[in-house]
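Commentary on secondary and tertiary structure
So the chains spell out like this:
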Amino acid sequence: MFKIAWFIAAGLCLPLSATALSATAMPRAFNVPEQTLTDALPQLAAQGHVQLLFSAGHLSGRISAPVRGRMEPLAAFQRALAHSDLVVSAVGDTTFVISPAPRPRARPTVIPVATARPIEVAVIARRRTLDGSAVPTLASLATAPAAVMSRSGLERSGTRNAVEALATLSGVTVLNTGHSFIGGVDGASRGEGMYAAIRGLNTELSLNLIDGIPMAQGMPYTRAVQLSLLPPDGLAEVVIRKTSTADMDGDAIGATLDWRTPSAFDFSRRRYAALNLGLRSESQAMDYGDARVGNTLSAEFAGRFGAADTLGLYLSVYSDQRYYANAELASIMNARNDSAWAFRLTNGPAGDNPDGVDPADNAIMTGLNAGVSTGSTQRAGGFVSADWRASEAISLFLKLTAAHADTEQNSTLSQLVPGGVSWINDPATGLYGLNIGTVSTRVWYETNPEAMTLAQVKLGGRFRMERLTLTPTLFAGYSENAMPGHIEASIRVNQNDSLNTGQAPRPLNGNLIRYDADGLPIPIMTSDIYNDLNSANTALLARRAGQVTAQTSSQIRWGVKLDASYALDAGALQSLDAGLKYSTSHRRATYRDWTNGFFADVTGQAGLTWALLGISDRYYDHAFPGLYDWRIPKVDHNRLVDYFTTYKTEASLDTCGVLAINNYNCDTQSGKEDVSAAYISGRFTTQRLEIVPGLRFEHSDLQNTYWLMPYDNAVEQPGDWRQSRSTYDAWLPSLFMTWQGAGGEFRFGLWQAYARPSFVQLAGGAKTTVTNGVTTITQGNPDLKPVTALNLDLSGTWRRPNLRLTLNLYGKDLRDYLFDYGTTPDVSADGLTGPIRYVQPRNGGQGQVIGVEVEIEQHLSDRLTAGLALTGQHTQVDLGSDALGRQKPIQNAPGILTSGTLRYTGAKWSGDVIYSYTSAYLSVYNTLGATGTWDDTWVRPHHDVNLHLGYRVNAHIQLDANLAHVLGGYSYWAHVGKHALNISDVIGSGQSLNVSLKYTF
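The numbering scheme is per chain: residues are counted from 1 as the chain's sequence reads. With pLDDT at 70 or above as the cut-off, local features in this predicted model cover only qualifying residues; side-chain atom pairs require 80 or more to be listed or tallied, and sums for whole chains, interfaces and linings still use all residues. Side-chain measures were taken over the full set of non-hydrogen atoms in the model, leaving aside hydrogen atoms and water.

As annotated in an unreviewed UniProt entry, the protein chain carries the name Secretin/TonB short N-terminal domain-containing protein and is attributed to Asticcacaulis benevestitus DSM 16100 = ATCC BAA-896. Word for word, the UniProt comment on the protein chain under Subcellular location (unreviewed entry) is "Cell outer membrane". UniProt positions are given in the numbering used here, feature names are shortened, and annotations may be inferred rather than shown by experiment.

**Comments concerning the overall build of the protein chain**
Of the regular secondary structure elements, the protein chain holds 17 helices and 56 strands. The proportion of buried residues among the 1001 residues of the protein chain is 60%. We call two residues in contact whenever any of their non-hydrogen atoms come within 4.5 Å of each other. Summarising the internal contacts of the protein chain: among those between residues at least 6 apart in sequence, 73% fall at separations of at least 24. A run of H or I in DSSP becomes a helix once it reaches four residues, and a run of E becomes a strand once it reaches two; helices and strands are each numbered from the N terminus. Only protein chains enter the accessibility calculation, which uses a 1.4 Å probe. A residue is then buried if its area is under 20% of the maximum for its type, exposed if over 50%, and partly exposed in between.

**Overview of helix 4 (residues 73-80)**
Given 3.6 residues per turn, any residue in an α-helix points the same way as the ones three and four places further on. Among all positions of helix 4, only Pro-73, Ala-76, Phe-77 and Ala-80 are buried. The buried residues of helix 4 occupy one face: seen down the axis, they fall within an arc of 95°. This arc is taken over the directions from the axis of the helix to the C-beta atoms.

**Some details on the pairing of strand 25 (residues 468-492)**
As judged from the five bridges shared by strand 23 (residues 432-447) and strand 25, these two strands associate in the antiparallel manner. Residue Trp-444 lies in a different strand from strand 25, and its bridge partner there is Ser-490. Two strands form a pair only when DSSP identifies at least two bridges running between them. Where strand 24 (residues 450-464) meets strand 25, twelve bridges bridge the pair, whose relative direction is antiparallel. For Met-452, the partnering residue across the bridge sits in strand 25 and is Asn-481. Connecting strand 24 to the antiparallel partner strand 25 that follows it, the hairpin turn spans three residues.

**Here we look at empty space enclosed by the protein**
For cavity detection a 1 Å grid was placed over the protein atoms alone, and a set of points counts as a cavity when a 1.4 Å probe fits there but cannot get out; an open set counts as a pocket when protein lies on both sides within 12 Å along at least five of seven lines, with lining residues being those that have an atom within 4 Å of a point. Grid points are joined across faces, edges and corners, and a volume is the space filled by probe spheres set on the points. Tallied over the entire structure, the rule returns 14 cavities of 30 Å³ or more. A breakdown of the residues in the lining of the largest cavity according to their chemical character gives 13 nonpolar, 18 polar and 14 charged. When residues are sorted by character, Ala, Val, Leu, Ile, Met, Phe, Trp, Tyr, Cys and Pro go into the nonpolar class, Asp, Glu, Lys and Arg into the charged class, and all the rest, Gly among them, into the polar class.

**Here we look at the packing of aromatic side chains**
Here a pair means two rings of Phe, Tyr or Trp (six-membered ring of Trp) with centres within 6.5 Å. Their orientation is stacked below 30 degrees between planes, edge-to-face above 60, and tilted elsewhere. In the structure shown here, the tally under the stated rule is 22 aromatic pairs. Here Trp-707 and Trp-721 contribute two aromatic rings whose centre-to-centre distance is 4.8 Å and whose plane-to-plane angle is 80°, an arrangement assigned as edge-to-face. Residue Trp-707 is located in strand 35 (residues 689-709), and its partner Trp-721 is located in strand 38 (residues 720-741); the two are separated by 14 residues in the primary sequence. Its relative accessible area of 2% is what places Trp-707 among the buried residues. Of the aromatic side chains, those joined through ring pairs into one cluster are Phe-624, Tyr-628, Trp-630, Tyr-970 and Trp-973. In this structure, Arg-389 packs its charged tip against the face of Phe-265, placed 3.8 Å from the ring centre. Above the ring of Trp-594, the side-chain terminus of Lys-648 is found at 5.6 Å from the ring centroid. The criterion is that NZ of a Lys, or CZ of an Arg, lies within 6 Å of the ring centre and within 35 degrees of the ring normal, and then a charge sits over that ring.

**A short note on the environment of Arg-344**
Mapped onto the elements of the fold, Arg-344 is located in the loop between strand 18 (341-343) and strand 19 (345-346). On the accessibility criterion, Arg-344 (34% relative accessible area) is partly exposed.

**Some thoughts on unusual backbone geometry**
Here the phi dihedral of Asp-211 falls at roughly 55°; this positive angle occurs in a residue that is not glycine. Within the fold, Asp-211 resides in the loop between strand 11 (207-210) and strand 12 (213-214). Here Asn-802, not a glycine, exhibits a phi torsion of approximately 75°, which is positive. Among the structural elements, Asn-802 can be located in the loop between strand 42 (787-800) and strand 43 (803-815).

**Quick word on the confidence of the model for the protein chain**
Per-residue confidence for the protein chain gives a mean pLDDT of 86; residues scoring 70 or more make up 88%. Confidence of the predictor in every single residue is expressed as pLDDT, which spans 0 to 100. Confidence over residues 103-128 falls short of pLDDT 50; this stretch has 70 contacts with residues more than four positions distant or in other chains. This stretch, residues 821-834, has a pLDDT under 50; its non-local contacts, to residues over four places away or in other chains, come to 39 contacts.

**Considerations on the side chain of Asn-962**
Position of Asn-962 relative to the elements: it lies in strand 53 (residues 957-964). Residues within four places of Asn-962 in sequence aside, it is in contact with Glu-155, Arg-156, Ser-157, Gly-158, Leu-947, His-948, Ser-992, Leu-993 and Asn-994.

**A look at the nonpolar core**
Counting residues in hydrophobic clusters, the biggest one holds 61 residues, and the most contacted among them are Leu-329, Trp-341, Tyr-628, Leu-928, Trp-934 and Ile-983. Excluding anything up to four places from it in sequence, Ile-983 contacts Ser-331, Ile-332, Ala-335, Trp-341, Ala-363, Ile-364, Met-365, Leu-928, Ala-974, His-975 and Val-976. We call a set of buried residues a nonpolar core when its members are Ala, Val, Leu, Ile, Met, Phe, Trp, Tyr or Cys and they connect through side-chain atoms within 4.5 Å of each other. Core analysis: the next-biggest nonpolar cluster, separate from the first, contains 35 residues, Met-149, Val-163, Ala-196 and Met-215 among them.

**A look at the state of the cysteines**
Here, the term disulfide refers to a pair of cysteine sulfur atoms separated by no more than 2.5 Å. Within this structure, the stated rule accounts for one disulfide. One disulfide in the model links Cys-656 with Cys-666; its S-S distance is 1.9 Å. In this structure the cystine formed by Cys-656 and Cys-666 twists about its S-S bond by roughly -125°; its chirality is therefore left-handed. Of this pair, Cys-656 sits in the loop between helix 15 (637-647) and helix 16 (660-665) while Cys-666 is found in the loop between helix 16 and strand 34 (669-685), placing the two residues ten residues apart along the sequence. Using a relative accessible area of 2% as the deciding quantity, one classes Cys-666 as buried.

**Remarks on the side chain of Arg-280**
Positionally, Arg-280 belongs in strand 15 (residues 271-282). The side chain of Arg-280 sits in the buried core without any salt bridge; Glu-282 is the nearest counter-charge, 5.3 Å away. A polar contact is formed between the side chain of Arg-280 and the backbone oxygen of Thr-159, at a distance of 3.3 Å. Setting aside residues no more than four positions away along its own chain, Arg-280 makes contact with Gly-158, Thr-159, Arg-160, Val-293, Gly-294, Ser-992, Leu-993 and Asn-994. His is not counted here, nor are the chain ends, while Lys and Arg score as positive and Asp and Glu score as negative. The salt bridge criterion pairs a side-chain nitrogen of Lys or Arg with a carboxyl oxygen of Asp or Glu, the two atoms within 4 Å. Here a polar contact is taken to be a pair of N or O atoms separated by no more than 3.5 Å, where protein atoms must pair a possible hydrogen donor with a possible acceptor and residues adjacent in sequence count only if both atoms sit in side chains.

**Regarding the pattern of salt bridges**
Under the criterion given, the structure shown has 40 salt bridges. Residue Arg-151 is joined to Glu-300 by a salt bridge in which the shortest nitrogen-to-oxygen separation is 2.3 Å. One end of the pair, Arg-151, is in helix 5 (residues 151-156); the other, Glu-300, is in strand 16 (residues 294-305), with 149 residues separating them in the sequence. Summarising the burial analysis for this pair, Arg-151 and Glu-300 share the class buried. Here Asp-912 and Arg-156 are joined by a salt bridge, their closest N and O atoms 2.7 Å apart. Residue Asp-912 is located in strand 49 (residues 909-918), and its partner Arg-156 is located in helix 5; the two are separated by 756 residues in the primary sequence.

**Quick look at the packing of helix 2 (residues 37-48) against helix 4**
For the pair helix 2 and helix 4, interaxial distance at closest approach is 10 Å and the crossing angle is 170°. Looking at the two axes, helix 2 sits roughly antiparallel to helix 4. Side by side, helix 2 and helix 4 meet where Leu-37, Leu-41, Leu-44, Ala-45 and Gly-48 of the first sit next to Pro-73, Ala-76, Phe-77 and Ala-80 of the second. Along the lines of polarity and charge, the residues of the contact of helix 2 with helix 4 split into eight nonpolar, one polar and no charged. Only the contacting stretch of a helix is used when fitting its axis, a line to C-alpha atoms as for every element, and angles between N-to-C directions run 0 to 180 degrees. We call two directions roughly parallel when the angle between them is under 35 degrees, roughly antiparallel when it is over 145, roughly perpendicular when it lies between 65 and 115, and oblique otherwise.

**Topic: the environment of Arg-464**
Residue position: Arg-464 is located in strand 24. Along the sequence, Arg-464 and Tyr-566 sit 102 residues apart, while their C-alpha atoms lie 9.8 Å from each other.

**A word on the environment of Leu-732**
With respect to the secondary-structure elements, Leu-732 resides in strand 38. C-alpha separation for the pair Leu-732 and Trp-751, spaced 19 residues apart in sequence, amounts to 7.0 Å.

This is the structure:
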């Protein structure tokens, strides 16, 4: 796969009439929009009635300039290649060859076929060749910057999933936690990338497509898509459009990511088949004694049929399984759930922070929460593509995508929970020092299973007349994100119930936590505390017979669109484009919880431990290898589930209240969203300047159903269903200009974009309570405004022999900002109106993003290429509340992103060194709910290096090895306070090794 493959073809061309075959390359009418060169060049060759030859590897990742109007084929090809480092040459009247621009002292790459040895080329009728080599390159659209990750780049990255490979592209932040039913350290403990944030904006402000169609959004609390579902191989390419033209969906302020699947016309051979086998192991799992090896199996077939290869069929299937066991320190969880934090020094016995003392530095842990997160992820799916190119004027296409992932995640955490917290006066300083009176030793077991499904179908055609091109498309999609059986259980030293009485925590009377040189918490334990943790299976008493949560979230979407393009021969105005689109979607989210009684109460036995119950009789040797050396239980998950099932009763259902009807429905929401859109744009060109003005209009109608749960004099009442409705009208003008100069081009873009609120923010389940005569209503807010943004982009690309330099400057002016609140609906803002207090989401204020991207690609030799991508950005936003902050950085927006690649591609061997760096960034606002704005969660800077080595045994066999996260270290380190590390979540996931064998038939 990674050898530079050139393909030889002679005497082949696109189907032409007998008249066309004998004609010279006379002026023709062309109408080809900007797109990948592999898509654009076949259309130009067909419309120009000429034959075109090219090297497959040269086109990978490159984008064409638009070509519209009447001109000779040579001029049309030159215009399409204007933004690339390729040139076109004529070989006869109706045959053209695409080749790289000549380099100094390099042998000419275009040689007359009749007088020299054969040139290894592929006929443009075969389009792009995915079975050849393709080096990932950054490219630019004519009207806007774009980042392109090729198929080969995805495969050579060595990453666990497709989204992780995007870390090498400018402006892209890969996040390993944030949304779904899990977030924070629970999500990060899986040790893989999950989401992509683009140009300083969080994931829900970007739009994800498959083959140009928006993915269904099955996440419960956001419009983001969990991209870890997609494998790193099997895709054709990923194109990130960082601006929005009028023909694109308008609800994408950050970027539009198009995950493109292959077709039979992407391969040079008429028939192509491949089988890929792989094995993966992870070093952190080995440290825990888990030596299970993951596996990968995939197969694909591509074929073209018919005398003129007019029918193409592509099929692929994949299945992979990953096993992991990662070390987890969850101090932020401990601080939030168990209030296990306090100020080290205070101004009095009440525990308040002294004046003039930085509260983030003064806040320390008063407990501990650390252990292991183990599990596996099994993915399966496939892609189908069918294309019928009946003639130059008529083509039909069908695209099918299916992907599913099942994740098992079981976390076992040793816990130290403080009691008797007080502050003792120090007469020498006049301040009060922290004292921990007692410690409850515990072990907590929780699971975070997840089932994700994504399916999509796209059916359409392209119909060309003399000047008019119509492209109708039908589409449908489904996405589901579910946590089918989250279960929790614990053991503790001070378990008290009807049979176990008088159980007390361990005495301490002093400090519990000190910090090592790296800023990690080290517990100061008595022998009793240590022995409790080290022998937890027999030393600690079992608490409940399980607590289970079942959650689901899904969306089904379908729609239709029609795009039209009319080529003009009227001076500067080259074309008019217009389109209509309608889509409708249905969402549903549920959350239900069951809590069983204490083991002693339901069994009638006192003194039960996990060992006596058969829940755990084994240990991991170390809770956190290299940091905490006591043992931690290995839980028999199935045994625990059996206990829960045995002792579950009707009274166990306790989602949010007492009444069964409320517990069943209170956290259930459903909604419908209809979006209608229309656009028009024109394209004006002169000799060097292209201007593309456009206007898009989108009307959205959202209808939501939710459960209202009332109280009367503090007595819960049966609830009922309520509805809300929100409508949005968005006018989205845009203006793009491109000026073509000597050795490069310069681009200007100005456009409006927006992002609608998530349906849970609009209509979260409502609860009404009355306290001291004040009615408090907690609910969604159907009056939320969409986030809007005026966007500016200035960019330039300069090319020299062996060198390409791109500079992008961008800015975004945001209005009515809405921020992500993690794994729950955002109900952070509240207001008081008379005797009624509303707790519901509120829009924030204004925000800004300013950034610069620099991309450099240097060909050091014919076989060695170096690349550098650097992003610097500044963000700030008004969150709409003095308590949260008026000028805060935007979430998940690091100030600096850097990546570098060094790539060798030889006749037999290939290799890659891939480096990436992400600076610190703010992740969660107001984490502890403390007074002031100091308690935001920040993620520490992160360096990463991946290595790839490939060897082509022969024409059929390719061997590859990838070592990811070579530097080791912690894969995730989040902390409360921008510069303080006292309250931290840390994940150690180690390195991963992946080896694969690919056989091509």
